[in-house]
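Summary of the model geometry
Here is how the chains run, residue by residue.
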Amino acid sequence: DWHNAYQLATSDDHPADHVRNKQMRTLVASTAFDELDPSRAIRRLYARDEFLELVRAVTNTTLHRLADPLGAASVNVFRDGWEHAWHYDESEVTVTLSLQTAESGGRFEFTERLRADAGDAAFDAT
């Protein structure tokens, strides 16, 4: 799947080399929350109030668990050559938990909020 950082269709309002039109590759498989065995550690971690409080403290944000049984959490699965390109997440706060060390690369980047809201493209910052 090819997409830009905004996960939107390309725009004729901007040149091909503009960040709004820069295409990046993502190839990943996902398992939805409702498919995760409730006895598994990842489901138990998600349900822990202490985990929610930790994320609240780190992000200084009011948070609630997502009630959606499909989207509450997902597990991304990567095979050799697969990748997840840089993008703006659709939710205000996202927690990434890596369960396997990368053999090479695997650099994870975090920035403070770049956009005021989902409607703010923040082209200069992006």
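Structure first, text after, so check above.
Structural notes, computed from the coordinates. Not measured: the values here are computed from a predicted model.

1. Topic: the pattern of salt bridges
For the structure on display, the rule yields four salt bridges. A salt bridge links glutamate 50 to arginine 48, with the nearest nitrogen and oxygen atoms 3.0 Å apart. Among the ionic pairs, arginine 56 bridges to glutamate 53, the shortest N-O distance being 2.3 Å. With arginine 56 and glutamate 53 both in helix 2 (residues 49-59), this residue pair falls three residues apart, about one helical turn. Owing to a relative accessible area of 24%, arginine 56 belongs among the partly exposed residues under this scheme. Residue glutamate 53 is classed as partly exposed on the basis of its relative accessible area, which comes to 44%.

2. Describing the packing of aromatic side chains
Per the stated rule, a full pass over the model turns up four aromatic pairs. An angle of 35° between the planes, with centres 5.3 Å apart, marks the rings of tyrosine 6 and tyrosine 88 as tilted. Highlighted residues: tyrosine 6 in the loop between strand 1 (2-3) and strand 2 (24-25) and tyrosine 88 in the segment after strand 4 (74-77), separated in sequence by 82 residues. No difference in accessibility class separates tyrosine 6 from tyrosine 88, as the two residues are buried. Judged by centre distance (5.1 Å) and plane angle (70°), the rings of tryptophan 86 and tyrosine 88 are edge-to-face. By relative accessible area, which is 37% here, tryptophan 86 ends up partly exposed. By way of ring pairs, the aromatic residues Tyr6, Trp86, Tyr88 and Phe123 are connected into one cluster. Positioned above the aromatic ring of phenylalanine 33 is the side chain of arginine 43, whose terminal nitrogen or guanidinium carbon lies 4.2 Å from the ring centre. The ring of tyrosine 88 carries the charged tip of arginine 115 above its face, separated from the ring centre by 3.9 Å.

3. So, a nonpolar patch on the surface
Side chains of Ile42, Leu45, Leu97 and Leu99 sit close together on the surface and give an oily, nonpolar patch of about 360 Å² of accessible area. With respect to the secondary-structure elements, isoleucine 42 resides in helix 1 (residues 41-47). Overall, the relative accessible area of 30% leaves isoleucine 42 in the partly exposed class.

Parameters at a glance
Residues numbered from 1 in each chain as written. Predicted model: local features only at pLDDT ≥ 70, side-chain atom pairs only at ≥ 80, totals over all residues. Heavy atoms only, no water. Salt bridge = Lys/Arg side-chain N within 4 Å of Asp/Glu carboxyl O. Helix = DSSP H or I, 4+ residues; strand = E, 2+ residues; numbered from the N terminus. Buried < 20%, exposed > 50% of the residue type's maximum accessible area, 1.4 Å probe, protein only. Phe/Tyr/Trp six-rings, centres within 6.5 Å; stacked < 30°, edge-to-face > 60°. Lys NZ or Arg CZ within 6 Å of the ring centre and 35° of its normal. Patch = residues over 30% accessible without salt bridge, like charges linked within 9 Å, V, L, I, M, F, W, Y side chains within 5 Å. Areas by Shrake-Rupley, 256 points an atom, 1.4 Å probe, with all protein chains shown as cover.

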